[in-house]
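Reading the structure
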Amino acid sequence: MNAAPSPGDRRRRPGQLEAQVVTVLGAAPAPLTPGEVRDLVDPTGALSYSAVVTTLTRLHEKGAVTRHRDGRAFRYGALRDAAGLVAERMSRLLADEPDRASVLRRFVGTLDDRDEEILRALLREHPED
């Protein structure tokens, strides 16, 4: 019989660690070190320090977090929230697709009724100029 995976063994969805890191940084009263971020994202210690550093570096390269040196370490602060990161990722994926109408049609076709109504309301708020 297989044991249930521990929190450290479960695979994260793409972008999930980035979203968790940005959420932690956004809630912090001051910029955090990678070790502080790791401890807040995963208090069990199962998350590796290098995974956090890699994620923070990528977020900095994307312009989603600030970074400044504090002694031998860097401290990071959030510039965007998790929803902003997801929206940016969706926009990048869509921009790379030549048949955008097909992608959007299929995306809308996968929405449940509640999400579809949210999208319709948002489109009503921003009619074409």
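Residues numbered from 1 in each chain as written. Predicted model: local features only at pLDDT ≥ 70, side-chain atom pairs only at ≥ 80, totals over all residues. Heavy atoms only, no water.

Once that is clear, we can look at a nonpolar patch on the surface. Side chains of Val86, Met90, Phe107 and Val108 sit close together on the surface and give an oily, nonpolar patch of about 300 Å² of accessible area. Tracing the chain through its elements places Val108 in helix H5 (residues 100-110). (Patch = residues over 30% accessible without salt bridge, like charges linked within 9 Å, V, L, I, M, F, W, Y side chains within 5 Å. Areas by Shrake-Rupley, 256 points an atom, 1.4 Å probe, with all protein chains shown as cover. Salt bridge = Lys/Arg side-chain N within 4 Å of Asp/Glu carboxyl O. Helix = DSSP H or I, 4+ residues; strand = E, 2+ residues; numbered from the N terminus.)

Here we come to the nonpolar core. Of all hydrophobic cores here, the largest spans 17 residues; its most connected members are Val21, Leu25, Leu32, Val37, Val41, Leu56 and Leu59. Contributing elements (two or more residues each) for this core: helix H1 (16-27), helix H2 (34-41) and helix H3 (49-61). Among all residues touching Leu56, those that are not within four sequence positions of it are Val21, Leu25, Pro34, Val37, Val65 and Tyr76. (Core = buried A, V, L, I, M, F, W, Y, C linked by side-chain atoms within 4.5 Å. Buried < 20%, exposed > 50% of the residue type's maximum accessible area, 1.4 Å probe, protein only. Contact = heavy atoms within 4.5 Å.)

As a further point, take helix H4 (residues 82-95). The end-to-end C-alpha separation of H4 is 20 Å, in line with the 20 Å expected for 14 residues at 1.5 Å each. Along H4, the residues that are buried comprise Ala82, Leu85 and Leu94. Next to the buried residues of H4 lie H1, H3 and H5. (Expected span 1.5 Å × (residues − 1).)

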